[in-house]
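Observations on the model geometry
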Amino acid sequence: LDNNVLRGTPEKYQELAEAVSALSRRCWARPREVERLVGKFTHVFLLHRLALSAFSATYAFTSKLGHRAARVWPGVLMELRTAVALFPLVTADLGRPVAPLLVQTDASMTGTGAVYTRDVPQPTLAAEFMRPRRGERTAEGQWTIEHEAALFEAPTDVAAWRVAWSRRDSRGGHINERELRAVADAVRWATRTAAHRRCRVLVQTDSAVTVGAIRKGRSSRPNLLRVCRRLAALTLAEKVA
(Lines give C-alpha, C1' and ligand atoms only; values in the text may rest on other atoms or scores of the structure.)
Protein backbone atom coordinates (compact mmCIF):
# COMPACT_ATOMS: atom_id res chain seq x y z
CA LEU A 1 0.00 0.00 0.00
CA ASP A 2 1.56 3.27 -1.18
CA ASN A 3 -0.31 6.59 -0.91
CA ASN A 4 -3.64 4.74 -0.80
CA VAL A 5 -2.72 2.69 -3.90
CA LEU A 6 -2.31 -1.08 -3.79
CA ARG A 7 0.31 -2.52 -6.16
CA GLY A 8 2.81 -5.34 -6.46
CA THR A 9 6.22 -4.81 -4.90
CA PRO A 10 9.36 -4.14 -7.00
CA GLU A 11 10.89 -7.26 -5.47
CA LYS A 12 7.98 -9.40 -6.69
CA TYR A 13 8.23 -7.85 -10.15
CA GLN A 14 11.97 -8.61 -10.31
CA GLU A 15 11.38 -12.18 -9.16
CA LEU A 16 8.71 -12.84 -11.80
CA ALA A 17 10.62 -11.09 -14.59
CA GLU A 18 13.71 -13.19 -13.89
CA ALA A 19 11.65 -16.40 -13.71
CA VAL A 20 9.97 -15.70 -17.06
CA SER A 21 13.30 -14.74 -18.62
CA ALA A 22 14.89 -17.99 -17.42
CA LEU A 23 11.94 -19.97 -18.75
CA SER A 24 12.23 -18.24 -22.13
CA ARG A 25 15.92 -19.14 -22.40
CA ARG A 26 15.32 -22.79 -21.49
CA CYS A 27 12.14 -23.19 -23.58
CA TRP A 28 11.05 -26.10 -21.37
CA ALA A 29 9.34 -26.14 -18.01
CA ARG A 30 9.78 -28.26 -14.93
CA PRO A 31 6.69 -29.98 -13.49
CA ARG A 32 4.08 -27.39 -12.41
CA GLU A 33 6.59 -24.54 -12.88
CA VAL A 34 4.28 -22.57 -15.20
CA GLU A 35 1.35 -23.17 -12.87
CA ARG A 36 3.27 -21.68 -9.95
CA LEU A 37 4.21 -18.65 -12.06
CA VAL A 38 0.58 -18.08 -13.05
CA GLY A 39 -0.45 -18.31 -9.41
CA LYS A 40 2.00 -15.57 -8.45
CA PHE A 41 0.79 -13.33 -11.28
CA THR A 42 -2.83 -13.99 -10.31
CA HIS A 43 -2.16 -12.91 -6.73
CA VAL A 44 -1.26 -9.43 -8.05
CA PHE A 45 -3.71 -9.30 -10.96
CA LEU A 46 -6.64 -9.69 -8.57
CA LEU A 47 -6.11 -5.96 -7.95
CA HIS A 48 -7.41 -5.47 -11.51
CA ARG A 49 -9.17 -8.65 -12.56
CA LEU A 50 -9.34 -7.84 -16.27
CA ALA A 51 -5.55 -8.20 -16.39
CA LEU A 52 -6.19 -11.95 -16.08
CA SER A 53 -7.40 -11.87 -19.68
CA ALA A 54 -3.72 -11.91 -20.67
CA PHE A 55 -3.76 -15.67 -20.00
CA SER A 56 -5.34 -18.23 -22.32
CA ALA A 57 -2.83 -20.70 -23.77
CA THR A 58 -1.11 -20.70 -20.38
CA TYR A 59 -4.15 -22.22 -18.67
CA ALA A 60 -4.46 -24.87 -21.40
CA PHE A 61 -0.75 -25.71 -21.04
CA THR A 62 -0.90 -26.17 -17.26
CA SER A 63 -4.10 -28.21 -17.51
CA LYS A 64 -2.73 -30.54 -20.18
CA LEU A 65 0.75 -31.18 -18.79
CA GLY A 66 0.25 -31.03 -15.03
CA HIS A 67 3.12 -32.83 -13.30
CA ARG A 68 5.18 -33.50 -16.44
CA ALA A 69 8.17 -31.53 -17.70
CA ALA A 70 7.67 -30.37 -21.28
CA ARG A 71 8.67 -27.91 -23.95
CA VAL A 72 6.83 -24.62 -23.42
CA TRP A 73 4.46 -23.50 -26.15
CA PRO A 74 5.37 -20.20 -27.89
CA GLY A 75 1.94 -18.82 -26.97
CA VAL A 76 2.61 -19.50 -23.29
CA LEU A 77 5.91 -17.60 -23.39
CA MET A 78 4.23 -14.70 -25.16
CA GLU A 79 1.48 -14.52 -22.52
CA LEU A 80 3.95 -14.68 -19.65
CA ARG A 81 6.03 -11.86 -21.17
CA THR A 82 2.83 -9.84 -21.57
CA ALA A 83 2.02 -10.47 -17.90
CA VAL A 84 5.45 -9.16 -16.90
CA ALA A 85 4.83 -6.01 -18.97
CA LEU A 86 1.41 -5.52 -17.37
CA PHE A 87 2.65 -6.03 -13.80
CA PRO A 88 3.65 -2.37 -13.14
CA LEU A 89 0.31 -1.13 -14.53
CA VAL A 90 -1.87 -3.26 -12.26
CA THR A 91 -2.93 -1.15 -9.29
CA ALA A 92 -5.99 -0.52 -7.16
CA ASP A 93 -6.44 3.11 -6.11
CA LEU A 94 -8.56 3.08 -2.94
CA GLY A 95 -9.11 6.83 -3.24
CA ARG A 96 -10.28 6.79 -6.85
CA PRO A 97 -13.33 9.09 -7.22
CA VAL A 98 -16.68 7.99 -8.64
CA ALA A 99 -17.79 9.46 -11.97
CA PRO A 100 -21.14 11.27 -11.50
CA LEU A 101 -23.02 9.29 -14.14
CA LEU A 102 -24.78 5.99 -14.62
CA VAL A 103 -24.47 4.24 -18.01
CA GLN A 104 -26.76 1.48 -19.25
CA THR A 105 -25.99 -0.60 -22.36
CA ASP A 106 -27.87 -3.06 -24.52
CA ALA A 107 -27.29 -4.94 -27.76
CA SER A 108 -29.24 -6.95 -30.28
CA MET A 109 -28.37 -8.93 -33.40
CA THR A 110 -28.66 -5.77 -35.48
CA GLY A 111 -27.49 -2.89 -33.30
CA THR A 112 -26.09 -1.61 -30.05
CA GLY A 113 -26.55 1.45 -27.88
CA ALA A 114 -26.09 3.10 -24.52
CA VAL A 115 -27.84 5.75 -22.47
CA TYR A 116 -26.64 7.69 -19.44
CA THR A 117 -28.01 9.82 -16.65
CA ARG A 118 -26.55 12.19 -14.09
CA ASP A 119 -29.64 12.15 -11.87
CA VAL A 120 -28.39 9.41 -9.55
CA PRO A 121 -26.72 11.07 -6.54
CA GLN A 122 -22.97 10.53 -6.43
CA PRO A 123 -23.06 9.19 -2.82
CA THR A 124 -25.49 6.51 -4.02
CA LEU A 125 -23.12 5.51 -6.81
CA ALA A 126 -20.21 5.50 -4.37
CA ALA A 127 -22.13 3.25 -1.97
CA GLU A 128 -22.79 0.82 -4.83
CA PHE A 129 -19.06 0.54 -5.53
CA MET A 130 -18.30 -0.06 -1.85
CA ARG A 131 -20.86 -2.86 -1.56
CA PRO A 132 -19.27 -6.34 -1.38
CA ARG A 133 -20.11 -8.31 -4.52
CA ARG A 134 -19.96 -11.72 -2.89
CA GLY A 135 -23.44 -12.88 -1.92
CA GLU A 136 -24.67 -16.03 -0.29
CA ARG A 137 -24.81 -19.03 -2.59
CA THR A 138 -28.03 -20.87 -3.24
CA ALA A 139 -28.65 -24.34 -1.83
CA GLU A 140 -27.32 -25.78 -5.09
CA GLY A 141 -24.18 -23.65 -4.83
CA GLN A 142 -25.00 -21.66 -7.96
CA TRP A 143 -24.15 -18.03 -8.67
CA THR A 144 -27.08 -15.89 -9.81
CA ILE A 145 -27.29 -12.47 -11.42
CA GLU A 146 -29.31 -11.19 -8.46
CA HIS A 147 -26.06 -11.06 -6.48
CA GLU A 148 -24.83 -8.34 -8.85
CA ALA A 149 -28.04 -6.28 -9.07
CA ALA A 150 -27.80 -2.67 -7.86
CA LEU A 151 -29.42 -1.79 -4.57
CA PHE A 152 -30.75 1.54 -5.88
CA GLU A 153 -33.53 2.24 -8.35
CA ALA A 154 -32.45 3.90 -11.58
CA PRO A 155 -34.58 6.88 -12.73
CA THR A 156 -37.58 5.95 -14.85
CA ASP A 157 -38.25 9.46 -16.14
CA VAL A 158 -37.39 9.60 -19.85
CA ALA A 159 -36.21 13.19 -19.50
CA ALA A 160 -33.48 12.06 -17.07
CA TRP A 161 -31.69 10.04 -19.74
CA ARG A 162 -29.52 10.97 -22.70
CA VAL A 163 -28.37 8.78 -25.59
CA ALA A 164 -24.63 8.14 -25.56
CA TRP A 165 -24.75 6.34 -28.89
CA SER A 166 -27.10 4.22 -30.97
CA ARG A 167 -25.89 2.48 -34.09
CA ARG A 168 -26.11 -0.59 -36.25
CA ASP A 169 -23.54 -3.28 -35.46
CA SER A 170 -22.23 -5.11 -38.50
CA ARG A 171 -19.28 -6.73 -36.71
CA GLY A 172 -21.20 -9.98 -36.23
CA GLY A 173 -20.78 -12.43 -33.38
CA HIS A 174 -22.94 -14.13 -30.78
CA ILE A 175 -25.30 -11.99 -28.72
CA ASN A 176 -23.07 -12.46 -25.64
CA GLU A 177 -20.12 -11.04 -27.54
CA ARG A 178 -22.25 -8.11 -28.71
CA GLU A 179 -23.38 -7.38 -25.14
CA LEU A 180 -19.79 -7.42 -23.86
CA ARG A 181 -18.67 -5.21 -26.75
CA ALA A 182 -21.38 -2.72 -25.78
CA VAL A 183 -19.89 -2.46 -22.26
CA ALA A 184 -16.40 -1.99 -23.72
CA ASP A 185 -17.77 0.72 -26.01
CA ALA A 186 -19.42 2.36 -22.99
CA VAL A 187 -16.10 2.51 -21.13
CA ARG A 188 -14.41 3.93 -24.22
CA TRP A 189 -17.18 6.53 -24.59
CA ALA A 190 -16.95 7.52 -20.91
CA THR A 191 -13.18 7.97 -20.99
CA ARG A 192 -13.43 10.40 -23.90
CA THR A 193 -14.25 12.95 -21.17
CA ALA A 194 -11.19 13.81 -19.08
CA ALA A 195 -13.30 14.13 -15.91
CA HIS A 196 -14.23 10.45 -16.13
CA ARG A 197 -10.67 9.15 -16.38
CA ARG A 198 -8.99 7.78 -13.27
CA CYS A 199 -12.51 7.22 -11.89
CA ARG A 200 -14.93 4.46 -11.07
CA VAL A 201 -17.61 4.34 -13.78
CA LEU A 202 -20.84 2.44 -13.13
CA VAL A 203 -22.09 0.58 -16.22
CA GLN A 204 -25.21 -1.58 -16.10
CA THR A 205 -26.07 -4.39 -18.52
CA ASP A 206 -28.83 -7.00 -18.68
CA SER A 207 -26.46 -9.79 -19.77
CA ALA A 208 -25.51 -12.29 -17.08
CA VAL A 209 -22.71 -13.64 -19.30
CA THR A 210 -21.21 -10.15 -19.60
CA VAL A 211 -21.38 -9.60 -15.84
CA GLY A 212 -19.79 -12.99 -15.22
CA ALA A 213 -16.93 -12.40 -17.67
CA ILE A 214 -16.12 -8.97 -16.23
CA ARG A 215 -16.46 -10.26 -12.67
CA LYS A 216 -14.04 -13.08 -13.46
CA GLY A 217 -11.73 -10.88 -15.55
CA ARG A 218 -11.57 -13.26 -18.50
CA SER A 219 -13.47 -15.93 -20.41
CA SER A 220 -12.62 -19.32 -21.87
CA ARG A 221 -14.54 -18.35 -25.02
CA PRO A 222 -12.09 -16.85 -27.54
CA ASN A 223 -14.58 -14.26 -28.85
CA LEU A 224 -15.38 -13.05 -25.34
CA LEU A 225 -11.70 -13.16 -24.33
CA ARG A 226 -10.82 -10.77 -27.17
CA VAL A 227 -13.31 -8.23 -25.85
CA CYS A 228 -12.09 -8.73 -22.28
CA ARG A 229 -8.56 -7.92 -23.46
CA ARG A 230 -9.80 -4.78 -25.18
CA LEU A 231 -11.62 -3.78 -21.99
CA ALA A 232 -8.49 -4.54 -19.96
CA ALA A 233 -6.43 -2.26 -22.23
CA LEU A 234 -8.95 0.56 -21.82
CA THR A 235 -9.25 0.30 -18.05
CA LEU A 236 -5.52 -0.09 -17.45
CA ALA A 237 -4.61 2.81 -19.74
CA GLU A 238 -7.25 5.19 -18.34
CA LYS A 239 -7.05 3.81 -14.76
CA VAL A 240 -10.81 3.21 -14.76
CA ALA A 241 -12.54 0.71 -12.50
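Criteria and thresholds
Residues numbered from 1 in each chain as written. Predicted model: local features only at pLDDT ≥ 70, side-chain atom pairs only at ≥ 80, totals over all residues. Heavy atoms only, no water. Helix = DSSP H or I, 4+ residues; strand = E, 2+ residues; numbered from the N terminus. Buried < 20%, exposed > 50% of the residue type's maximum accessible area, 1.4 Å probe, protein only. Contact = heavy atoms within 4.5 Å. Areas by Shrake-Rupley, 256 points an atom, 1.4 Å probe, with all protein chains shown as cover. Lys, Arg positive; Asp, Glu negative; His and termini not counted. Charge placed at Lys NZ, Arg CZ, Asp CG, Glu CD. Core = buried A, V, L, I, M, F, W, Y, C linked by side-chain atoms within 4.5 Å. Axes fitted to C-alpha atoms, helices over the stretch in contact; angles between N-to-C directions. Parallel < 35°, antiparallel > 145°, perpendicular 65-115°, else oblique. Left-handed = near helix turned anticlockwise from the far one by under 90°. Nonpolar A, V, L, I, M, F, W, Y, C, P; charged D, E, K, R; others polar. Pairing = 2+ DSSP bridges.

Moving on, we come to the overall build of the protein chain. Helices and strands together make up the secondary structure of the protein chain, namely eight helices and eight strands. The principal-axis extent of the C-alpha atoms belonging to the protein chain is close to 65 × 45 × 40 Å. Of all 241 residues assigned to the protein chain, the portion counted as buried reaches 42%. Partitioning the intrachain contacts of the protein chain with sequence separation of at least 6 by distance along the chain shows that 75% fall at a separation of at least 24. Here the protein chain displays about 13,400 Å² of accessible surface, and carbon together with sulfur accounts for 54% of that area. Distance from the positive charge centre (38 side chains) to the negative charge centre (23 side chains) of the protein chain: 8 Å.

A separate point is the nonpolar core. Grouped together as the largest cluster of nonpolar side chains are 27 residues, with contacts concentrated most on L23, V34, F41, F45, F55, V72 and L80. Of all the secondary structure elements, the ones that give two or more residues to this core are α1 (10-26), α2 (33-45), α3 (57-65) and α4 (74-86). Residues L101, A164, A186 and A190 belong to the second largest nonpolar core, which totals 13 residues.

Our focus in this paragraph is the packing of α1 against α4. The geometry of α1 relative to α4 is characterised by a closest axis approach of 10 Å and an angle of 160° between their N-to-C directions. Judged on the interaxial angle alone, α4 and α1 are roughly antiparallel. For α1 against α4, the interelement crossing comes out left-handed. Contact with α1, carried on its side by Y13, L16, A17, V20, L23 and S24, involves L77, L80, R81 and V84 of α4 and no other residues of that element. In terms of residue class, the contact of α1 with α4 is built from eight nonpolar, one polar and one charged.

Trans is the prevailing form of peptide bonds, just as negative phi is the prevailing case for residues other than glycine. For N4, which is not glycine, the phi torsion reads 70° and is therefore positive. In this structure, N4 sits in the segment before β1 (5-7). Of note, R198 is a non-glycine position whose phi angle comes to about 55°, a positive value. Along the polypeptide, R198 turns up in the loop between α6 (175-190) and β8 (200-204).

Take T191: it is sitting in the loop between α6 and β8. Note on T191: relative accessible area 5%, which makes it buried. The residues touching T191, leaving out its near neighbours within four places in the chain, are R197, E238 and V240.

With respect to topology, four strands assemble into an open sheet ordered β7-β6-β5-β8, the strand pairing being mixed. Each having just a single partner strand, β7 (162-168) and β8 make up the two edges of the open sheet. Across the sheet, the mean angle separating the axes of adjacent strands is 20° when strand polarity is ignored. In this sheet, β7 lies alongside strand β6 (residues 111-117) in antiparallel orientation, the contact comprising six bridges. When the bridges of β7 are listed, A114 appears paired with W165. On the sheet, helix α5 (residues 122-130) packs against β5 (98-107) and β8 and is oriented at approximately 70° with respect to β5. In the packing of α6 onto the sheet, contacts are made with β5, β6, β7 and β8, and the angle to β5 comes to roughly 150°.

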